[in-house]
Amino acid sequence: MPIKTWELDPNFKNEILNEPGGEHLTACYQCSTCTLGCPITEIVPSYNPRKIIQMSLLGMRNEVLSNPDLWICAICQTCTARCPQDVVVGDVLAAIRRIAEKEEEAGNLKIESPRPLFEKAFLHTVEKYGRLYDIGLALEYYPKREGGKVSGIKAMMNDYKDFGMRMAFKGKMGPLGGHGLLKGVLPSKIKKTDVMKKIFEKVEGK
Amino acid sequence: MSEKKLAFLPGCPSEATALDQEISTKAVFKALGVELVEIEDWNCCGAAEAEDPKLVYALNARNLAIAEKDGLDVVTPCSICYYNLARTNNALKADEKLRAEMAEIDPSLSYNGTITPKHILDVLMNDIGVDELKSKIVKKVEVKVAPYYGCYIGRPLETAFDDPDDPVLMDQLIELIGGENVPFSYMKTKCCGGPLMMTRADIAFEMARKVLETAKNAGADCVALACPLCGMMLDAKQPDVEKALGIKIGMPVVYITQLLGLALGIDPKSLALEKNTIDTKVILGKVV
């Protein structure tokens, strides 16, 4: 891929450096230890955190932010643990993902991966109940991912019908559970949900 | 261990998908004479889904602050709860300004950094310790085990309590109870795929397959683990992995507390061994 120098954004690295977790980006000396040990690269050969960092340092802002591979990191910390330069690679990628999400919110970018939708749906249940509520998460995530209620519920049933039956049969969720009739089916709500609301409002600046 | 009382953070999966871990953890600590005091009104740690460090610090400052009021160290059976608690503890201990920032969000987030968060595997092996465990073991659990550690026990280094590439605490515990560790070092700390399950199930299933089939090929009777999210991916979702990839694995997956509980003479029902998705009877036949 030829690099068009006139399209580079020399400020992109500073953007990452200013994002929490992105502070050590410029320490990278491109040794590729991150990528060689990555369990995702083993399965998806195109996945290359070293290259994402190099492109970021060069200022290839658009290419980096629209790279679908940003969203398949499993946050396993192998790259972070092995990096000889303490780049904290996992956190750098998270910082880049957050910049991409901000760009999407501003209407400048379309993220194809459903991961931001998933993370938001997860955190919405934490904000509302104080704990993760799996079913609430799924009921928000699937319709948004599929772009409609009917197709969303269909996709959810496809993924979770068998799983739900298994959990009910084992008494881990639902009416056969030894821990209350609707354990796992209804949300487990904490008392201080007002504190959760404050945390999300103040941290996310909502 | 001098302190016989710990604050307990069960973590969100404890109430449903990881009920087996929850029940066996409580049974084991009771048998060992360590009281677990559940953190009152505890909240979610943010798991892997809260990517903003500030959000992680705020969510975990609240749990830490509640435990600190009782002056108790916190123990959790969940690796990601542990990671989030530990990195919050490190960050807040080192940064007075950050502590003030947390307290400003809400007074209940005021944490002074006087307690230590720990993972159950760390408490069992390093605080309670091998000698104490040895004195309470009444049965031999003669199973071949693939000890699976996953991500946050040895990584990242700032919060780890075991080796990042070749952790040993679970191996030692398995030997202590009369089990045998199969050769598994390459897979011990590979990610199970859990965080990608809802957004890239294809990659997640392939990651889980590698762990499970490596264990099977090494001749293991079961995989032992110490994280409810690994349990979700490797046990509860195992039939989905099999279906998606058109393979048969049938590898029992148990929590390390379930194996230890058997060695302590606790009956299998009190360790919820009937609640694991893949049948665990093969293990029960090897308890002598």
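Residues numbered from 1 in each chain as written. Chains lettered and ligands numbered in written order. Predicted model: local features only at pLDDT ≥ 70, side-chain atom pairs only at ≥ 80, totals over all residues. Heavy atoms only, no water.

(A) Broad picture of a nonpolar patch on the surface. Residues and elements named next belong to chain A. Taken together, the side chains of Leu-139, Ile-153 and Met-157 define a hydrophobic patch exposed on the protein surface, amounting to about 240 Å² of accessible area. Relative to the helices and strands, Ile-153 is located in helix H10 (residues 149–169). For Ile-153, a relative accessible area of 33% corresponds to the partly exposed category. (Patch = residues over 30% accessible without salt bridge, like charges linked within 9 Å, V, L, I, M, F, W, Y side chains within 5 Å. Areas by Shrake-Rupley, 256 points an atom, 1.4 Å probe, with all protein chains shown as cover. Salt bridge = Lys/Arg side-chain N within 4 Å of Asp/Glu carboxyl O. Helix = DSSP H or I, 4+ residues; strand = E, 2+ residues; numbered from the N terminus. Buried < 20%, exposed > 50% of the residue type's maximum accessible area, 1.4 Å probe, protein only.)

(B) Focus on the sheet that holds strand E6 (residues 180–181) of chain B. Residue and element names in this part refer to chain B. Pairing is parallel across the open sheet formed by 4 strands, whose spatial order is E6-E5-E7-E8. What marks the edges here is a single partner per strand, and that holds for E6 and strand E8 (253–255). Pairing of strand E7 (residues 222–225) with E8 involves 3 bridges; the strand directions are parallel. Its bridge partner being in E8, Val-223 is matched across the sheet by Val-253. Where helix H10 (residues 256–263) meets the sheet, its contacts fall on strand E5 (144–147), E7 and E8, and the angle it forms with E8 comes to roughly 70°. (Pairing = 2+ DSSP bridges. Contact = heavy atoms within 4.5 Å. Axes fitted to C-alpha atoms, helices over the stretch in contact; angles between N-to-C directions.)

(C) Inspection of the interface of chain A and chain B at higher detail. Taken together, the 59 residues of chain A in the interface contact 60 residues of chain B. In terms of surface lost to chain B, no three residues of chain A exceed Arg-131, Lys-170 and Lys-172 of chain A, which account for 13% of the buried area on that side. Here chain A is connected to chain B by 10 salt bridges. For Arg-82 of chain A, the salt bridge identified is with Asp-165 of chain B, shortest N-O distance 3.0 Å. Counting across the interface, chain A meets chain B through 29 residue pairs in polar contact (both at pLDDT 80 or more). Contributions of two or more residues to the side of chain A that touches chain B are made by helix H3 (39–43), helix H6 (78–82), helix H7 (89–105), helix H8 (115–129), helix H9 (134–146), H10 and helix H11 (193–204) of chain A. For the side of chain A that touches chain B, the element with the highest residue contribution is H11 of chain A, accounting for 8 residues. Taken together, the residues of the side of chain A that touches chain B break down into 32 nonpolar, 8 polar and 19 charged. (Buried area = accessible area lost by both parts, 1.4 Å probe. Polar contact = N/O pair within 3.5 Å; in protein donor to acceptor, adjacent residues only side chain to side chain. Nonpolar A, V, L, I, M, F, W, Y, C, P; charged D, E, K, R; others polar.)

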